[in-house]
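Residue-level structural notes
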Amino acid sequence: MAAAGAASASPALTARRGPSLGPPRRLARGVHCCTSVDSGAKPIALVDDPWCVLAASSLAGGVAPLAPWPTALGFLVSWLGLAGRWGPGLCLLALLAFLVGGVRAELAAGEFEGRRRGAIEYVQGPRRCSAEVRVARSPVVRDGSLAWIGDARRIDCEGQRHPGPLRLRLYGGPHDLGRGDVVEVVAQLAPVRLFRNAELADPLPGARRSGALLSGSVLSLAVVERGGGLRAHIDAARAHTRGRIEATFPELARPMARALVLGENDLDPEDDAAFKRSGLMHLLAVSGTHLVFAVVMVVQGLRACLIRVERVAGRWDATRVSAGFGVLASLLYADFSGGSGSAWRAAWMLSAVFLARVVGARLGGCRALGISLAVGVLDDPLAAVDISFALSAAATWGLLVLGQPLGRRCGGIRSAPLRYVAVGTIATVTSTIPCAPLLAMMDERLTFAGLVANLLAAPLGELAALPSCLLHAAVSGLPWLEQGLALVGAGALLGVRWVALRSAEASFASFVVPLPGPWHVAVLVAASALAAAAPPRGRRWVLLAGLGALCVLEGRARVPPQGALRVTLADVGQGDAALLELPEGALALIDGGGFAHGFPDPGERVLLPLLRARRRETIALVILSHAHADHLQGLLAVLRRHRVEALWHPAGAGAEVGQYAELLRLARAQGTRLLGPDELCGGPARILSGARFEILGPCPVQPGVGLNDNSLVVRVSFGRRSILFTGDAEREQEARLLASGVDLRADVLKAGHHGSDSSSSLALLRAVAPRWATISCGVRNRFDHPREVTLARFAELGIAALRTDRSGSLQFVTDGRDARWHVAALPW
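To start, this report covers the structure provided alongside it. (Residues numbered from 1 in each chain as written. Predicted model: local features only at pLDDT ≥ 70, side-chain atom pairs only at ≥ 80, totals over all residues. Heavy atoms only, no water.)

The two faces of the sheet receive side chains in turn, since in a regular strand these alternate between them. Here strand β21 (residues 691-697) lies mainly inside the structure; 6 of its 7 residues are buried. Linkage of strand β20 (residues 686-688) to β21, two consecutive antiparallel strands, is achieved through a turn of 2 residues, within which Ser-689 is found at a positive phi near 50°. (Buried < 20%, exposed > 50% of the residue type's maximum accessible area, 1.4 Å probe, protein only. Helix = DSSP H or I, 4+ residues; strand = E, 2+ residues; numbered from the N terminus. Pairing = 2+ DSSP bridges.)

What follows is the structure in structure tokens.
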């Protein structure tokens, strides 16, 4: 209002100031649409905007290497449905953008895979390495330790030298490290671990985005040279802000404040799960809302000052000058706040709007979104698989296409509280709908409580926590103000946390959703595109057809495969886990993988998603070969979530303590039948769902012998084909098996003890006579598994060796006569 008064007092100012930026309109779920500053721009449908069309086509092409047929068919249906609206020129460009996007993504992923394989060959398992490293990404703090990415040169790993460069992810070091700093590092390095399983999202494109090939803990570090330039100063500001948050915020609120201001995800696991489950994680994510408070408000303030300075306003257009500053400020803030995919996408969108102002043009919301997506995919051909980028784009799409038309209808509501509830509900729903498939990939449960949670928490997060935390970062020179803002910000954040925890606990409002597969997503995209192209009366039929197709896909996914034995040896790193889909539809699980230090949990990371992808709630049989963590840990998550009818375990082979005792407790609590070698040995083979299960050892359990040599040895057969699971059996148990005279022949041998030289003796291999041997091992294992001597034995006898550390998950499929293999990644 003051600005308007100043303008009326001076004709010169009125002539030069240009159209008002105006206050930003709150559109949805904590996201402000920066395009509200250009409400005079001519509206255009999202599916008709060339920038949106070409950017979306290129993003779809970026997904094609991961799921070629679903992506291609979904794009083709969308392309054909919209061709009548686009015209031949845009149709051809969209097709070209799709093809180019696919080629760029394939080349980028292939190039990274080649470098990753080279790094694995160079550092086989953890090694003590020294290197000169230049910090390449802004460091972050997790669990009190600095995590950072750097480019290493002149690397020496226990006498093996590499000229570099190799990108490293390192943990440890002084908190004032910044981009451009050069350090001498001694670290314990190993290849970056990726769980690659065919039915789950491939982690390779995400790993390529960071570029890190090796990772590990810093043992010693010396700064050789401090970096300079703008990025170094930004990281220094980040370190200073982090320090002030740690010094002035209550301990419980510090991780949330750092997430809000710096984009650091360091929440307590319980809090992290609650925010995700309640749908409030966006309140802690750097998004368009941050740019409104951190940039738009500053730009408006700058413009208000400029139009009051007659000498300045008489020579320059205050709106254009402030908008030019806004372009720079948007990009700088995205970098300062951690540079996530969502932050950059919002910054590019806002920069496009400001840049249009600089040149005197108006930019509508659809065009601004399209430009931000185009810049994103040009910068990174794999941007579509960045979950934060994808969620940001999907939420903004929902706000523009669904939220704005519905929100306009709320203008006639006279009651302010009712209008707030209506607008907030519309915003939350319309931004969540397009995000739902992505959210379903991240968590099996969605909740209606998120609607209420957003209405309660959004004012605290957006109007109190966000501005307080952002202003707190700028007033460290005023201790009294800094402390006051810290108290206000912390109080608001703790209020948001309380809402998140209560909402996550509202189990009555949550529901389980199946894991969307590539075909589900393709149908959703195609149905949305065709609905946008259809006349209003035809949209309901398009949407109904899409819903029908989804129901057909889901119905087929829920019918277990019949008539074949499918054995999937999951990639769980250095451990064993095998899922057996039996000929008559039941499912069995042999071992569950795990790590001695307990993290990561392969049950949560691999087994539960695989069971979810298979739509399995009940497991007919779980077999624990022996009670070592790398075979047992993942089973705990399975028994907490799924019904298990029977558990076979090596009873009497060791004390029932620790994780083993917890496994048995969980099994007894749900009434699972427990059977050990005493019940399983000696009798006829057990037939389960059309497959034959034979326990070949230990019969009986050998007292005083290690757990490895008391592993349950199981042969599973169907028709003329069989696979032999030997757990971690070593020389002693192999000798007992050979001396027992039992028939050991099998088509596939699951190599004992991850390919150790203490297992898979020549005598055993000759007795089993397998065509294939599978080795479950991880790229970070410290035992040098599989050993060269073991691989040499396989080669000597003509046995083909398949390894999970090279090929990801391995699937053996047989109808009882023929057999074939499927792998998650091409072997090398």
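Moving on, we get to the layout of surface pockets. Taken as a whole, the second largest pocket encloses approximately 300 Å³ of empty space. Listed by contribution, the elements that provide at least two residues to the lining of the second largest pocket are α10 (288-306), α12 (318-336) and α18 (449-472). A per-element tally of the lining of the second largest pocket places α10 first, with 4 residues. Broken down by class, the residue content of the lining of the second largest pocket amounts to 12 nonpolar, 1 polar and no charged. (1 Å grid on protein atoms, 1.4 Å probe; cavity = no way out; pocket = protein on both sides within 12 Å on 5 of 7 lines; lining within 4 Å. Points joined across faces, edges and corners; volume = space filled by probe spheres on them. Nonpolar A, V, L, I, M, F, W, Y, C, P; charged D, E, K, R; others polar.)

Before going further, it helps to spend a moment on the nonpolar core. Within the largest apolar cluster, 45 residues are counted, with the highest numbers of intra-cluster contacts made by Phe-249, Phe-275, Leu-280, Val-295, Phe-354 and Leu-493. Of all elements in the fold, only α7 (230-248), α8 (254-262), α10, α12, α13 (341-358), α18 and α19 (479-505) reach the threshold of two or more residues within this core. Apart from residues no more than four positions distant in its own chain, Phe-354 is found in contact with Val-295, Val-296, Val-299, Ala-323, Gly-326, Val-327 and Ser-330. (Core = buried A, V, L, I, M, F, W, Y, C linked by side-chain atoms within 4.5 Å. Contact = heavy atoms within 4.5 Å.)

What follows is about the environment of Arg-419. The topology assignment puts Arg-419 in helix α16 (residues 416-432). For Arg-419 and Arg-85, which are 334 residues apart along the polypeptide, the C-alpha to C-alpha distance reads 36 Å.

The subject of this paragraph is the side chain of Arg-793. Tracing the backbone shows Arg-793 in helix α28 (residues 788-796). Buried charge Arg-793 goes without a salt bridge, the closest partner of opposite sign being Asp-757 at 6.4 Å. From its side chain, Arg-793 meets the backbone oxygen of Ser-759 in a polar contact 2.8 Å long. Residues within four places of Arg-793 in sequence aside, it is in contact with Asp-757, Ser-759, Ser-760, Ser-761, Leu-762 and Leu-765. (Lys, Arg positive; Asp, Glu negative; His and termini not counted. Salt bridge = Lys/Arg side-chain N within 4 Å of Asp/Glu carboxyl O. Polar contact = N/O pair within 3.5 Å; in protein donor to acceptor, adjacent residues only side chain to side chain.)

Attention now moves to the pattern of salt bridges. Enumeration according to the criterion identifies 53 salt bridges in this entry. One salt-bridge network, held together by shared partners, links Arg-238, Arg-242, Glu-246, Arg-254, Arg-258, Glu-264 and Asp-266.

Before going further, it helps to spend a moment on the state of the cysteines. Here the structure, examined in full by the defined rule, presents 2 disulfides. The disulfide partner of Cys-129 is Cys-157, and the gap between their sulfur atoms is 2.0 Å. Disulfide Cys-129 to Cys-157: torsion about the S-S bond roughly 110°, handedness right-handed. Taken together, the positions of Cys-129 in strand β3 (residues 127-135) and Cys-157 in strand β5 (residues 145-157) put the pair 28 residues apart, joining distant regions of the chain. Overall, the relative accessible area of 2% leaves Cys-157 in the buried class. A sulfur-sulfur separation of 2.0 Å characterises the disulfide bridge that pairs Cys-681 with Cys-699. The sign of the S-S torsion, about -70°, decides the handedness of the disulfide formed by Cys-681 and Cys-699: left-handed. Of this pair, Cys-681 sits in the loop between α25 (677-680) and β20 while Cys-699 sits in the loop between β21 and β22 (713-718), placing them 18 residues apart in sequence. Exposure remark for Cys-681: the relative accessible area of 18% places this residue in the buried category. If one numbers only the bonded cysteines of the protein, in the order they occur, the disulfide pattern is 1-2, 3-4. Unpaired in this structure, Cys-52 has its nearest cysteine sulfur neighbour in Cys-366, at a distance of 5.6 Å. According to the relative accessible area criterion, Cys-366 is buried, its value standing at 12%. (Disulfide = S-S within 2.5 Å.)

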